[in-house]
Each structure stands twice: as C-alpha cells, then as structure tokens.
There are 2 protein chains.
Amino acid sequence: MTTMSNRYQAEAGKNRPTMRHVAALAGVGIKTVSRVMNDEPGVSDATRQRVLGASQQLNYQLDMAAGSLRRTGRQTLSIGLLLPSVANPFSSEIHRALEDALAARGIAVFAASLDDDPEREKSLVAAFLGRRVDGMVLTPIARNQSYVIPEHSRDLPMVFIDREPVGIEADAVVTDNAVGAARAAAHLMAQGHTRVAYLGDRTDIQTARERRRGFIEELGRAGIATSTVPVREGLHNEDSARRAALDLLTAEEPPTAIFSSQNLITFGAMRALKELGASRRTALVGFDDFTLADMMDPGITVIAQHPERIGKLAAERLLARIDGDSSPAQTYVVPSELIQRGSGELPPVS
Amino acid sequence: MTTMSNRYQAEAGKNRPTMRHVAALAGVGIKTVSRVMNDEPGVSDATRQRVLGASQQLNYQLDMAAGSLRRTGRQTLSIGLLLPSVANPFSSEIHRALEDALAARGIAVFAASLDDDPEREKSLVAAFLGRRVDGMVLTPIARNQSYVIPEHSRDLPMVFIDREPVGIEADAVVTDNAVGAARAAAHLMAQGHTRVAYLGDRTDIQTARERRRGFIEELGRAGIATSTVPVREGLHNEDSARRAALDLLTAEEPPTAIFSSQNLITFGAMRALKELGASRRTALVGFDDFTLADMMDPGITVIAQHPERIGKLAAERLLARIDGDSSPAQTYVVPSELIQRGSGELPPVS
DNA sequence: TTGAAAGCGCTAACAA
DNA sequence: TTGTTAGCGCTTTCAA
C-alpha cells in the first residue's frame with residue numbers, strides 16, 4: 001500500500017492520472033473509484049465524496065476506450081458518418097440533424113467526406129470499423145455495398161442515406177426523387193410549357209437517374225413525345241451546367257422551360273439565363289432548395305429536399321437498431337416539396 | 001493448443017474475431033498476427049501470407065482502441081473539432097480543409113456543434129477528452145478557456161480558431177477582423193460616403209467587437225466624428241438585421257452606405273434594401289463571402305474570409321504540436337480580402 | 001459497502 | 001523468425 005502511494009501519488013502532473021492514482025489518493029480500492037465515476041450504487045456517501053475530491057484534485061477523466069474494452073456490449077458511444085462532403089450544405093444539414101438526435105444519448109460523430117470516390121468509401125468505412133463505432137450512417141457512392149455484409153451480419157447498425165445501397169439489405173432514408181422531379185414536370189406543364197429541357201448530373205449517380213426518370217415519365221404521361229425532350233446529362237459543376245444551358249437556349253427552337261436536377265446545375269442555369277437576359281422569359285425549376293433563392297429576380301422555384309428530416313430519421317433508425325430492433329431492413333422515403341417563387345411560374349414565350 | 005483451436009476457431013460469425021482467432025486459424029502466435037497486421041518487419045513471407053489469408057477469411061479488423069491502450073504514446077488517431085455549427089457554411093469549410101489535411105495522416109475527426117452555448121463547450125470538450133483524442137481544434141464561446149489548462153499542460157495539442165481563447169496561452173488561427181472591417185470603411189469612404197451605418201452581431205462575440213472597432217476607428221482616422229456613426233448591434237439573425245436596417249433607412253438623414261458585420265446580417269440588410277427599392281441607391285459591404293453574392297443585383301461587395309486557409313493552417317499547427325513542437329503559443333492571422341461586386345461601389349445619394 | 005483477481009484485445013519487452 | 005509473458009486502464013466476477 002505504501003508502495004502504491006509512493007508510486008502513483010507522487011508522479012508528476014504530466015501524465016494523465018488513472019483510476020489507480022485516484023484510488024491511492026482517496027485511500028480506497030480501484031473498484032470503488034470505478035463505481036463512483038460511473039455513478040453506480042453501493043458506495044457510502046462519505047467514500048463517494050472522498051473519491052470525488054481526489055478525482056477533481058487530480059483532474060481525473062474516465063477513459064472510455066479502456067472501459068468499453070471490458071464492458072459487456074462494448075459500446076464506444078461513437079458512430080461514423082460518411083457524406084459526399086462535410087462542406088456541402090445539403091450534407092451538413094443532415095449532419096447537424098443527426099448530431100442533435102445523437103447528442104441526447106451522448107454519442108459522438110466521426111464525420112468524413114467521400115468526394116465521389118468509391119475507394120475512399122471503403123477505406124473510410126474501414127477506418128470507422130477499426131475505431132469500433134457503434135453504428136454508421138453512410139452515403140453510398142461505390143457501385144456495390146456488399147463489402148460491408150460481414151459487419152452488417154455481426155449486427156453493426158447501418159443506415160444508408162440519400163441513395164439506397166446495392167448488394168445488401170439495410171435501412172435507407174431517401175428523398176422521393178422521381179416523385180419530386182415528376183412534380184416539377186407537372187408544374188411546368190400546368191403553366192403551359194410543352195418544350196421543357198432537362199439538365200442532369202452524372203448518370204452514375206442513382207439519384208440523378210431517378211430524377212431524370214421521374215421527370216421524363218411525367219412528360220410522357222401528359223402526351224409529350226419523350227424522345228423530343230432536350231436532355232443534357234453528365235453535368236457535375238456550375239460551369240458545365242452553364243455551358244449546357246447556353247447551348248440549349250441559343251439553339252433553334254429553344255426550350256421555354258428548364259428543369260435542373262441539382263443545386264450547382266441550377267446555379268449554372270441561372271447564370272446562363274442571366275447572361276442571355278432570359279431570366280424572366282425562360283421558366284426554371286431546380287431540384288434542391290438553396291439560400292437566397294427567394295432573393296433572386298425572379299425568385300427561383302424549387303423542389304426542396306428536407307435534409308433535417310433525413311438526418312433525424314436516419315438517427316432514429318440507427319438508435320433503434322443499436323437498441324436491438326431486428327425488424328427487416330426498410331427504405332424510408334422523405335417527401336420533397338414544391339416551393340413556388342416565380343421562376344417556375346413564368347408562362348411559355350416562343 | 002487443441003483447446004485454443006476449439007475455443008476460438010469454432011465460434012460463430014456473430015462475434016467479431018480477435019487476433020487470437022486469426023492466430024489459431026493460421027497456426028501461429030498472436031504476436032505474429034500483430035506484426036502482420038501492423039506491417040512490422042520480421043515475419044517470413046510464407047507466414048505473412050498464411051496470416052493474411054486467415055485474417056481475410058475471418059474478416060478480421062484490428063481494434064485501434066485496444067492497440068493504443070498499450071502502445072507507447074497511446075495515440076488514438078482521432079481529434080475533436082468544435083464548431084459554432086457543423087451546418088454553418090463558414091464552419092463546414094474549415095471542417096473540410098481540416099479533414100483533408102488530417103486524412104493524409106489517418107486521423108479521424110469528431111465534429112460537434114456549440115450553438116453559442118458556453119456549457120456545451122465544456123461538456124463537448126469533456127466528451128472529446130474521455131475519448132482520448134490526440135488533439136482538439138476549438139472555436140471558443142465560453143468567457144474563459146482556463147478550464148482546459150490542465151489538459152494543455154499535459155501536452156494535449158489544442159488550436160483555437162476564429163476567436164482567440166481567454167485565460168490560456170494556446171495557438172490560435174484567426175481572421176484579421178479589425179483590419180478587414182477597416183478596409184470596408186476605407187473602401188466606402190473612397191466612394192465618397194461619409195454617412196455609413198454599422199450593423200453588428202451580439203457584442204459578447206469577440207470577432208463582432210473587433211469588426212466594430214476596426215470599422216469605427218477607420219472612420220475616425222478619416223475625420224468622421226465617430227459618435228455620429230449610426231450603429232445597430234446585438235443582431236444575431238436575418239430578421240433582426242432586416243428590421244434594424246429598415247429602421248435606419250427610413251429615419252431622418254438615412255445613411256448612404258451600410259456595413260454589415262456578418263453573413264446573416266448582410267442578408268437582412270439586402271432584404272431591407274430590396275423592400276425599400278434602395279438596392280441601387282444605398283451602398284452595402286458585408287463581412288463574409290457567400291454563395292451567389294455575384295448573382296445579386298447589384299452584386300454584393302464583401303470582405304471575404306478564407307475558411308479553407310484557416311482550416312489548413314489549424315491542421316498544420318495541430319500536427320506540429322502532435323509531432324512534438326513545443327515552441328511558445330502563437331496567434332496566426334489569416335488576412336481577409338475585399339471583393340468588389342457592385343454594391344460597395346455605389347456612390348452616395350442623398 | 002468494499003476490494004482483489006481476472007481478463008477485454010492488443011503491444012512492449014524479452015526470450016527462444 | 002517466432003512466441004511468451006506482462007500489462008495498458010478499465011469492468012466483471014466474486015468473495016469478504
């Protein structure tokens with residue numbers, strides 16, 4: 001005991017104190033310290049106070065990693081979140097909603113950015129697994145997610161967001177992409193447009209394909225020959241979208257309305273219209289809402305997604321799985337919403 | 001040995017395999033598995049292959065937490081990042097730059113949102129510490145950061161961003177708030193403005209006070225009686241800024257130019273100007289750049305911060321500290337930049 | 001109410 | 001080149 005006191009009590013403040021240091025200083029056993037630090041019952045008030053005092057004096061902090069190593073269930077109270085980019089506004093709102101739902105349970109979030117790189121997806125998932133996260137929320141980008149099947153079978157909770165996974169049956173939370181895009185088509189046709197162009201993202205992205213499908217099919221249902229619909233795809237940034245829009249608008253028989261399938265593409269279309277002085281002549285509906293959309297001239301009509309709802313729902317599903325829910329995997333669809341601001345209500349001008 | 005084989009090899013796939021399982025399957029000692037998994041030398045090629053095979057067959061994954069528990073230096077390859085909100089565009093760009101710089105070293109990032117709550121700051125820092133992060137990047141909001149002195153003295157690397165910490169000497173990376181605001185003042189005066197209003201954030205925020213000081217002092221240096229400068233402070237969202245701007249602009253002797261000290265305040269000012277039809281009559285310079293600023297009419301002139309540089313620099317400082325740099329704490333200043341887009345170049349109209 | 005001993009999955013130190 | 005033993009900081013188990 002004297003040895004222990006000497007050994008642990010005397011050590012300088014450079015090294016982080018452990019339970020043994022606290023125990024030695026308080027003159028109790030290490031298990032008693034453990035009980036106090038974890039708010040477990042079975043410790044007298046006097047002892048508890050003594051331990052608390054020692055712990056504060058040493059500035060002691062429980063080591064979660066060491067604890068969860070032995071603890072049954074072995075939870076780390078951390079999860080992994082994989083996003084296209086943490087800097088993407090849509091992603092970061094999902095992130096925020098998730099964080100809020102998980103913070104209530106003391107769960108910390110590892111966030112990482114994919115940058116559309118399938119290899120990164122796999123290595124970031126591996127990094128999460130190596131840190132023994134209690135669950136993962138993933139935006140899939142790789143062709144196939146079957147590489148996580150082993151972990152999923154070991155009951156590691158997993159929720160996919162924005163896009164459904166391929167090759168594995170797991171929970172997913174997605175927007176009604178096709179329905180939303182169809183709504184955009186119907187809205188433009190209701191204003192009298194029949195010549196409506198589609199500006200789309202890279203076709204290897206599932207949501208982009210869904211939006212295209214929903215849009216075109218709705219035009220078809222209204223009797224428009226879908227083969228005549230001007231379609232420009234593979235656009236992945238503002239400038240390629242801008243050029244595609246300029247191209248369409250300066251061709252013969254330009255469209256009287258444009259549907260842009262994503263934020264950056266909408267920005268590109270807006271620029272093209274502005275350059276041509278056609279902002280009040282050509283109708284525009286964009287998928288994804290954005291800051292200041294209502295401050296544009298005219299205001300930009302959009303199909304808004306609800307990232308907060310996606311994040312919240314994903315967190316709820318993840319927590320349910322962590323708590324042992326073993327019902328079959330399911331895809332949850334968060335409805336999008338048409339927000340009229342002017343650009344989508346312009347009548348056709350030929 | 002037979003016992004071990006039975007015990008570890010036969011277990012079902014539900015439990016995560018450990019090194020012992022791999023060792024048993026490969027017919028080697030556990031330390032050999034450790035060597036292979038950590039790419040350490042001193043293992044014959046044949047043995048290495050056998051271990052690798054067994055590890056893949058079992059879908060084995062090294063447990064970083066368990067490893068770092070014993071490993072000298074005890075690094076977890078994770079850091080904590082505290083932001084006003086992960087959903088704030090300025091914050092999330094810093095986050096992204098940090099992530100990129102740290103990913104190269106295999107370091108994962110715990111991100112959390114403060115929401116201007118000093119209590120949250122402390123509890124989130126405690127959560128990071130309990131997870132034994134290798135370092136922290138913090139946006140301070142509490143009055144005082146002396147509560148982390150014990151950890152800082154134990155050589156836990158820490159870099160403060162956006163605002164300087166109080167009560168502790170630690171590295172910080174900040175924007176030249178006063179200088180940037182002064183640049184806005186000088187720019188507006190160069191257009192001939194003498195009656196310039198200031199719309200500012202809550203005065204308990206250090207950067208808000210700095211911006212105000214820089215702005216007012218620059219007006220004073222030019223001979224403007226600083227007591228006559230119309231100042232509205234304590235604005236913390238778009239609508240309060242909008243109302244303050246409306247108030248100023250509809251009073252007697254309205255300002256001919258406005259400086260707004262932050263993103264949301266700029267949006268509020270823009271709305272007020274639009275409502276009054278004064279967008280082309282009253283000059284506006286905002287602190288903080290934002291998406292589509294150039295698409296407004298007129299384009300919005302701003303003092304742009306450089307979140308990517310702040311994030312990158314913070315990461316560099318953190319890594320240097322993690323690598324043992326023990327030079328005195330220092331504050332690094334990232335210069336802001338005036339971007340002219342039209343709104344700040346309007347001449348005074350009375 | 002309290003604490004000693006074992007062991008979580010791994011690496012350090014050392015021996016073979 | 002390989003393996004054995006101890007032990008990281010903690011919780012579990014069980015005995016006092």
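The rules behind the values
- Residues numbered from 1 in each chain as written.
- Chains lettered and ligands numbered in written order.
- Predicted model: local features only at pLDDT ≥ 70, side-chain atom pairs only at ≥ 80, totals over all residues.
- Heavy atoms only, no water.
- Helix = DSSP H or I, 4+ residues; strand = E, 2+ residues; numbered from the N terminus.
- Buried < 20%, exposed > 50% of the residue type's maximum accessible area, 1.4 Å probe, protein only.
- Contact = heavy atoms within 4.5 Å.
- Expected span 1.5 Å × (residues − 1).
- 1 Å grid on protein atoms, 1.4 Å probe; cavity = no way out; pocket = protein on both sides within 12 Å on 5 of 7 lines; lining within 4 Å.
- Points joined across faces, edges and corners; volume = space filled by probe spheres on them.
- Nonpolar A, V, L, I, M, F, W, Y, C, P; charged D, E, K, R; others polar.
- Buried area = accessible area lost by both parts, 1.4 Å probe.
- Salt bridge = Lys/Arg side-chain N within 4 Å of Asp/Glu carboxyl O.
- Polar contact = N/O pair within 3.5 Å; in protein donor to acceptor, adjacent residues only side chain to side chain.
- Core = buried A, V, L, I, M, F, W, Y, C linked by side-chain atoms within 4.5 Å.
- Phe/Tyr/Trp six-rings, centres within 6.5 Å; stacked < 30°, edge-to-face > 60°.
- Lys NZ or Arg CZ within 6 Å of the ring centre and 35° of its normal.
- Pairing = 2+ DSSP bridges.
- Axes fitted to C-alpha atoms, helices over the stretch in contact; angles between N-to-C directions.

A.B. asks: An account of the side chain of Asp162 of chain B is requested, with residue identities and associated values reported.
C.D. replies: Residue and element names in this part refer to chain B. By secondary structure assignment, the location of Asp162 is in the loop between strand E4 (158-161) and strand E5 (171-175). Here Asp162 falls in the buried class, since its relative accessible area comes to 10%. If sequence neighbours within four positions are ignored, Asp162 has contacts with Phe90, Thr139, Val173, Val174, Asn177, Thr207 and Gln305.

A.B. asks: Talk me through helix H9 (residues 177-190) of chain B; I want residue IDs and the actual numbers.
C.D. replies: Residues and elements named next belong to chain B. Across its 14 residues, H9 extends 20 Å between first and last C-alpha, which sits within 8% of the 20 Å expected from 1.5 Å per residue. Most of H9 sits out of view: ten of its 14 residues are buried. Inspection of H9 places Asn177, Ala178, Gly180, Ala181, Ala182, Ala184, Ala185, His187, Leu188 and Met189 among the buried residues, and these make up the whole buried set. Remark: Gly192 follows H9 within two positions and exhibits a positive phi of approximately 105°.

A.B. asks: Pulling in residues and values, what's your account of empty space enclosed by the protein?
C.D. replies: As enumerated under the stated definition, the model contains two cavities of 30 Å³ or more in all. If you add up the space inside the largest cavity, you get close to 220 Å³. Forming the boundary of the largest cavity are 14 residues, of which Ala65 and Arg131 of chain A together with Ala65, Phe110 and Arg131 of chain B lie nearest the centre. Elements with a contribution of two residues or more to the lining of the largest cavity: helix H5 (64-70) of chain A together with helix H5 (64-70) of chain B. Per-class residue counts for the lining of the largest cavity are six nonpolar, six polar and two charged. Around the second largest cavity, the lining residues are Leu83, Pro84, Phe90, Ser91, Ile94, Thr139, Ile161 and Asp162 of chain A. Per-element accounting of the lining of the second largest cavity gives the leading share, three residues, to helix H6 (residues 89-103) of chain A.

A.B. asks: How would you summarise the interface of chain B and chain A if you had to cite specific residues and measurements?
C.D. replies: Each partner contributes to the interface: chain B provides 58 residues, whereas chain A provides 57 residues. Between chain B and chain A lies a buried interface of about 5,100 Å² when both sides are counted; carbon and sulfur atoms form 49% of it. It is Arg16, Arg154 and Met295 of chain B in chain B that bury the most area against chain A; as a group they hold 14% of the surface buried on that side. Across the contact surface, chain B and chain A share twelve salt bridges. Between Arg96 of chain A and Asp115 of chain B there is a salt bridge, and its shortest N-O distance comes to 2.5 Å. For the pair chain B and chain A, the interface holds 28 residue pairs in polar contact (both at pLDDT 80 or more). Contributing elements (two or more residues each) for the side of chain B that touches chain A: H5, helix H6 (89-103), strand E2 (108-113), helix H7 (118-130), helix H8 (149-153) and helix H12 (263-275) of chain B. Partitioned by chemical class, the residues of the side of chain B that touches chain A number 26 nonpolar, 14 polar and 18 charged.

A.B. asks: Can you tell me about the nonpolar core, naming the residues and giving the values?
C.D. replies: Within the largest apolar cluster, 52 residues are counted, with the highest numbers of intra-cluster contacts made by Leu199 and Met270 of chain A together with Leu199 and Met270 of chain B. Mapped by element, the contributors of at least two residues to this core are strand E6 (196-199), helix H11 (238-249), helix H12 (263-275) and strand E10 (301-304) of chain A together with strand E6 (196-199), helix H11 (238-250), H12 and strand E10 (301-304) of chain B. Judged by nonpolar contacts, the second largest core, of 40 residues, contains Ile168 of chain A together with Ala108, Leu156 and Ala172 of chain B.

A.B. asks: Can you tell me about the packing of aromatic side chains, naming the residues and giving the values?
C.D. replies: Centre-to-centre distance and the angle between the planes together describe a pair of aromatic rings. Applying the stated criterion to the full structure yields eleven aromatic pairs over all chains. Ring plane angle 25° and centroid distance 6.4 Å describe the contact between Phe110 of chain B and Phe128 of chain B, whose orientation is recorded as stacked. With Phe110 of chain B in strand E2 and Phe128 of chain B in helix H7, the pair connects residues that are 18 residues apart, well separated along the chain. For Phe110 of chain B, a relative accessible area of 3% puts it in the buried group. With a centroid separation of 5.8 Å and an interplanar angle of 40°, the aromatic rings of Tyr198 of chain B and Phe215 of chain B are classed as tilted. Here Tyr198 of chain B, found in strand E6, pairs with Phe215 of chain B, found in helix H10 (residues 206-221); they are 17 residues apart in sequence, far enough to count as distant. Residue Tyr198 of chain B is classed as buried on the basis of its relative accessible area, which comes to 0%. Site record: aromatic cluster; members linked through ring pairs are Phe110 and Phe128 of chain A together with Phe110 and Phe128 of chain B. Its end group placed over the ring of Phe287 of chain A, Arg211 of chain A keeps NZ or CZ at 3.9 Å from the ring centre.

A.B. asks: Any details on the sheet that holds strand E8 (residues 257-260) of chain A? Residues and values, ideally.
C.D. replies: By definition, the strands of a sheet pair up through backbone hydrogen bonds, in either a parallel or an antiparallel sense. Residue and element names in this part refer to chain A. Ordered in space as E7-E6-E8-E9-E10-E12, the six strands form an open sheet in which the pairing is mixed. Strand pairing shows two members of the sheet lacking a second neighbour, strand E7 (231-232) and strand E12 (337-339), which therefore form its edges. Here helix H10 (residues 206-221) sits on the sheet in contact with E6, E7, E8 and strand E9 (283-287), set at roughly 170° to E6. Running at roughly 160° to E6, H11 makes contact with E6, E7 and E8 of the sheet.

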